[in-house]
Amino acid sequence: MSVSQVSLPASEEPEGAQPDDPSGLPPERYLDREESWLRFNERVLELAEDESIPLLERVRFLAIFATNLDEFFMVRVAGLLRRMVAGFPVEGAGVRLPRQVLDNTLELAGELTVRHARAFSERINPELAERGIELLRWKELSGDERDTLGDLFRQRIYPVLTPLVVDPAHPFPFISGLSLNLAVMIADHRTDATVFARVKVPPLLPRFLALSPSRYVPIEDVIAAHLTDLFGGVEVIEQHAFRVTRIRDLEVDEDITENLLQAMERELVRRRFEPAVRLEVEDTMSADVLDRLVTELGIDKRAVYRVSGPLDLSGLFAISDLNIGELRYPGFVPSTRAVPEETSIFTAIAERDILVQHPYDSFAASVERLIEEAAEDPRVLAIKQTLYRTSGQSPIVDALIDAAEAGKQVVVVVEIKARFDERANIAWARKLEEAGCHVVYGFVGLKTHCKMALIVREEPDGTLRRYCHLGTGNYHPTTARVYEDFGLLTADPAVGEDVTALFNHLTGYSRTGSYRRLLVAPQSLRTGIVSRIDRQAERQRAGQPARIMFKTNALVDEVVIDALYRASRVGVRVDLWVRGICALRPGIGGLSDNITVRSVLGRFLEHSRVYSFGPDEDEDAQVWIGSADMMHRNLDRRVELLVQVTDAGHQRRLRRVLHLGMDDRTSSWWLDASGHWVRHSRDEEGNPLRDVQETLIRERRVRSADD
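Because the structure is a prediction, the values reported are computed rather than measured.

**Q** Run through the overall build of the chain, naming residues and quoting values.
**A** Broken down by element type, the chain carries 19 helices and 27 strands. Within the chain, residue pairs in contact and separated by at least 24 positions form 73% of the contacts whose partners lie at least 6 positions apart. Looking at the chain as shown, the accessible area adds up to about 29200 Å², and 48% of this sits on carbon and sulfur atoms.

**Q** Can you lay out the pairing of strand β19 (residues 547–552) for me, pointing to particular residues and giving the numbers?
**A** Along β19, six of the six residues are buried, which leaves the element largely enclosed by surrounding structure. Across six bridges, the pairing between β19 and strand β20 (residues 573–578) is parallel. The residue of β20 that forms the bridge with I548 is V574. Relative to strand β23 (residues 609–613), β19 runs antiparallel, the two being bridged by four bridges. The residue bridging F550 from the neighbouring strand is Y611, located in β23.

**Q** Please provide a residue-by-residue account of the pattern of salt bridges, values included.
**A** The tally for this structure, following the rule as stated, stands at 51 salt bridges. Across the pair R603 and E694 runs a salt bridge, and its minimum N-O distance is 3.9 Å. Of this pair, R603 sits in the loop between β21 (595–599) and β22 (605–606) while E694 sits in helix α19 (residues 692–706); the two residues are 91 residues apart in sequence, bridging distant segments of the chain. Classification of E694 by relative accessible area gives partly exposed; the value is 23%. In this structure, D629 and R609 form a salt bridge, with 3.1 Å as the shortest nitrogen-oxygen distance. Of the two residues, D629 is situated in the loop between β24 (622–626) and α17 (632–636) and R609 in strand β23; the sequence distance between them amounts to 20 residues. Among the residues examined, D629 registers a relative accessible area of 4% and is labelled buried. Residue classification places R609 among the buried residues on the basis of a relative accessible area of 3%. Beyond isolated ion pairs, a larger network of salt bridges with shared partners links E35, R39, E42, E49 and R115.

**Q** Talk me through the nonpolar core; I want residue IDs and the actual numbers.
**A** Counting 111 residues, the largest nonpolar core has L279 and L564 as the members making the most contacts within it. It is helix α2 (residues 55–86) that provides the largest number of residues to this core, a total of 13 residues. The contact partners of L279, leaving out residues within four places of it in the chain, are F242, R243, V244, L290, L293, V294, L297, I299, A303, V304 and Y305.

**Q** Got a sec to walk through the packing of helix α11 (residues 364–376) against helix α12 (residues 395–405)? Specific residues and values, please.
**A** Two elements in contact, α11 and α12, have axes whose closest approach is 8 Å; the angle formed by their N-to-C orientations is 15°. Taken together, the axis directions place α11 and α12 in an arrangement best described as roughly parallel. The handedness of the crossing between α11 and α12 comes out as left-handed. Contacts between α11 and α12 involve V367, E368, I371, E372 and A375 on the former and, on the latter, P395, I396, A399, L400 and A403. Among the residues forming the contact of α11 with α12, the class breakdown is eight nonpolar, no polar and two charged.

**Q** Summarise the packing of aromatic side chains; cite the residues concerned and give the values.
**A** Given two aromatic rings, their pairing is described by the distance between the two centres and the angle made by the two planes. Enumeration over the complete set of coordinates arrives at 12 aromatic pairs. Ring centres of W37 and F72 lie 4.6 Å apart, and the angle between their planes is 10°; on these two criteria the pair is classed as stacked. Here the residue W37 occupies a position in helix α1 (residues 33–49), and F72 occupies one in helix α2, the gap between them amounting to 35 residues. Their ring planes at 25° and their centres at 5.6 Å tell us that F172 and F196 sit as a pair that is stacked. Of the two residues, F172 is situated in the loop between β2 (164–166) and β3 (180–188) and F196 in strand β4 (residues 193–200); the sequence distance between them amounts to 24 residues. In this structure, F172 and F196 share a single accessibility class: buried. Put simply, the rings of W37, F40, F72, F73 and Y305 touch in pairs and so form one group of aromatic residues. Over the face of the ring belonging to F208 we find R207, whose NZ or CZ atom lies 5.0 Å from the ring centre. R598 extends its terminal NZ or CZ atom over the ring of W670, reaching a point 3.7 Å from the ring centre.

**Q** I'd like a description of the sheet that holds strand β6 (residues 215–218), backed by residues and values.
**A** Spatial strand order, β1-β6-β5: three strands in an open sheet with mixed pairing. Only two strands of the sheet have a single partner each, and these edge strands are β1 (134–135) and β5 (208–212). Relative to β6, β5 runs antiparallel, the two being bridged by four bridges. In the strand pairing of β6, F208 is matched with P218. The sheet contacts of helix α4 (residues 143–157) involve β5 and β6, and relative to β5 the element is tilted by about 130°.

**Q** Tell me about the confidence of the model for the chain, residues and numbers included.
**A** For any part of a model where pLDDT is low, the fine detail of the predicted coordinates should not be relied upon. Counting all residues, the mean pLDDT for the chain is 89, and 88% of those residues have values of 70 or more. Predicted confidence is poor over residues 1–20, with pLDDT under 50, and the contacts of this stretch with residues over four places away or in other chains come to 43 contacts. Throughout residues 267–273 the model reports pLDDT below 50, and contacts reaching past four residues in sequence, or to other chains, amount to 17 contacts.

**Q** How would you summarise unusual backbone geometry if you had to cite specific residues and measurements?
**A** In this model, G309 is joined to P310 through a cis peptide bond whose omega is -5°. Looking at the secondary structure, you find P310 in the loop between β9 (304–307) and α9 (317–320). The omega torsion of the bond from H358 to P359 falls at 5°, within 30 degrees of zero and hence cis. The backbone phi angle of D312 is positive, close to 50°, even though this residue is not glycine. Relative to the elements of secondary structure, D312 occurs in the loop between β9 and α9. Owing to a relative accessible area of 16%, D312 belongs among the buried residues under this scheme. Unusually for a residue other than glycine, E617 sits at a positive phi of about 70°.

The rules behind these values
- Every chain is numbered on its own, with residues counted from 1 as its sequence reads.
- Two thresholds apply to this predicted model, a pLDDT of at least 70 for residue-level local features and 80 or more for giving and counting side-chain atom pairs, whereas whole-chain, interface and lining totals are computed over all residues.
- No hydrogens and no water enter the side-chain calculation; it runs on all heavy atoms of the structure.
- Note on conventions: DSSP H or I runs of at least 4 residues are helices, E runs of at least 2 residues are strands, and numbering of each starts at the N terminus.
- Contact definition: two residues touch when any of their heavy atoms are within 4.5 Å.
- All accessible-area figures derive from a Shrake-Rupley calculation using a 1.4 Å probe, and residue coverage is judged against the displayed protein chains alone.
- Throughout, exposure labels follow a simple rule: accessible area from a 1.4 Å probe, protein chains only, divided by the maximum for the residue type, with under 20% read as buried, over 50% as exposed, and the rest as partly exposed.
- Two strands qualify as a pair provided DSSP detects at least 2 bridges between them.
- By definition here, a salt bridge exists when the distance from a side-chain nitrogen of Lys or Arg to a carboxyl oxygen of Asp or Glu is within 4 Å.
- Side-chain atoms within 4.5 Å are what join buried Ala, Val, Leu, Ile, Met, Phe, Trp, Tyr and Cys residues into a set we call a nonpolar core.
- What counts as an axis is a line fitted to C-alpha atoms, over the stretch in contact for a helix, and the angles between N-to-C directions run from 0 to 180 degrees.
- Roughly parallel means an angle under 35 degrees; roughly antiparallel, over 145; roughly perpendicular, 65 to 115; everything else is oblique.
- Helix crossings are classified by the rotation of the near helix relative to the far one: an anticlockwise turn of less than a right angle makes the crossing left-handed, while a clockwise turn makes it right-handed.
- Gly is put with the polar residues, along with every residue not named as nonpolar or charged; the nonpolar set is Ala, Val, Leu, Ile, Met, Phe, Trp, Tyr, Cys and Pro, and the charged set is Asp, Glu, Lys and Arg.
- Any pair of Phe, Tyr and Trp rings, taking the six-membered ring for Trp, is counted once the centres come within 6.5 Å. Such a pair is stacked with planes under 30 degrees apart, edge-to-face with planes over 60 apart, and tilted for the rest.
- The rule is short: NZ of Lys or CZ of Arg within 6 Å of the ring centre and within 35 degrees of the ring normal puts a charge over the ring.
- Note on scores: pLDDT gives the predictor's confidence for each residue, bounded by 0 and 100.

Here is the structure:
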């Protein structure tokens, strides 16, 4: 399909803004955020198609693409539809109308859906077969294998199936979101009636049934082959798999809700019945059956995608987890040397700030260790922590419970509205409350997204000292092994005072005017970022060296983007490392020709946020890390924080990572003014470019060996 219909020529001076645009910048300066997100997922798909990546990791990227697209429809497409129905404009300041954005979004999503299915059927699945891992359809099985699966069907599957027929006495059943189903047409020769029926694939059974450790078959194929067991005495005319995606965003009126926890629990039950926003069907489905589904579901025909089966390739995670070492990335053990093992972690932090980068530095040996030692240390009086996401078996939550049971004051700010983790966070909130922790749910209308922990400890001399952790990622030990994030461990009094004030703000609604080493959203983070961008522009105009470097997951906020445009216009070099969505157009003459945008995707999810202002080694340069992306939701509707990193060595380390990601010799995607990302993974001689993640892995191995 065509790219965004609005683009500015890179070789010409941009025309002036429209009369109603007071910025003095051209109105077509923003890329469409929905298309930008889909282009991000396209980069994930490119990794699945990359034959230089180990095969099972490519399978994992196929599954990641599928789950990403599910979430995109549940949230972003659903949001577009809601805005159109309500008559609201598209979020952001683009020039396209909501209908144009939706048309473009559905078309590009459809193209990527087909490409994804083909990547599996034409590339990945044949390569799996060559390596002895076979994902087969029913017709490819031997007679003995069919008999074995027949026994399995009767023993494990048949008892939990419920065929639902649609006739005058039985209305069309509700199809739950993301469930896999069979649409079945049956004929009753006694009445000459043809009837539609739906069979839901049990979600708790494996997506791919194992015939042996290396042979698998989709569960829907097994059910389809035994439909006569479900519909005895009638003829099965045709059957096809289909899958529905529904809106999955929460709507809770906090202004009139006295108990947010109970309201969230009710909303989670209600959410299952939200409208459908996407229908996926096997390309073998007849037009009559498809028309029936479209009509009954009330779905936009443009959101109907015909693909070669099997559907729901998120189930490929089970295949990607197969323990076949040569088909996966080489094993990697995080370094445990960031915090000295032979001394108390409090002694180590009191001596100097410690900067950790996960997963290269062990999460368990640093952040987990801090909370666990705090829970055990009799000198610790209080622990305060924010929890946005954590794991099912969380050592950190267990440590907080142990601390509360030991009589320490434990305060936990739990964000129960963390999208897709609401149930888990509600369960943790209940468990923490039962253990005697003070559990707070943050502010009305704001998500608490900042990542911070505060430990108050009585030192041997009787003074109280505050130890803090501030990070870019969640307190989640599982994702800490695959998400790249920075964390700062510090006993700096200024940070301790700031974090104490912020916790008091969260738990007691105190009003804090300013912070010394924090920028906090929604009060001061956007203005703090913009003022520092403007400061670099002032330096450039004054003939002083200036530089801006960002590493972020998303860059969408128009105020920040416009500030970057203004800085570029006066000659400031701006390097932006953006993993996902980027609404800024780089490389436009007279507007953004000093701006470079790169994206790195790979083994680990680049998740950290780093904001650097000023050239290397400049005494006035600043580096900030934290939880906030440059998006409306982060800057306006969440409690976020950035902390200033003041240690010169830590600043150099952070800037070096930024330089690595932006270096032309590093494998990455480059964004152009039209919104397209072009992959640069090999040099002119065809040799692989540097992998920034492998570089950091090797450095940790060398450091560990030296230790």
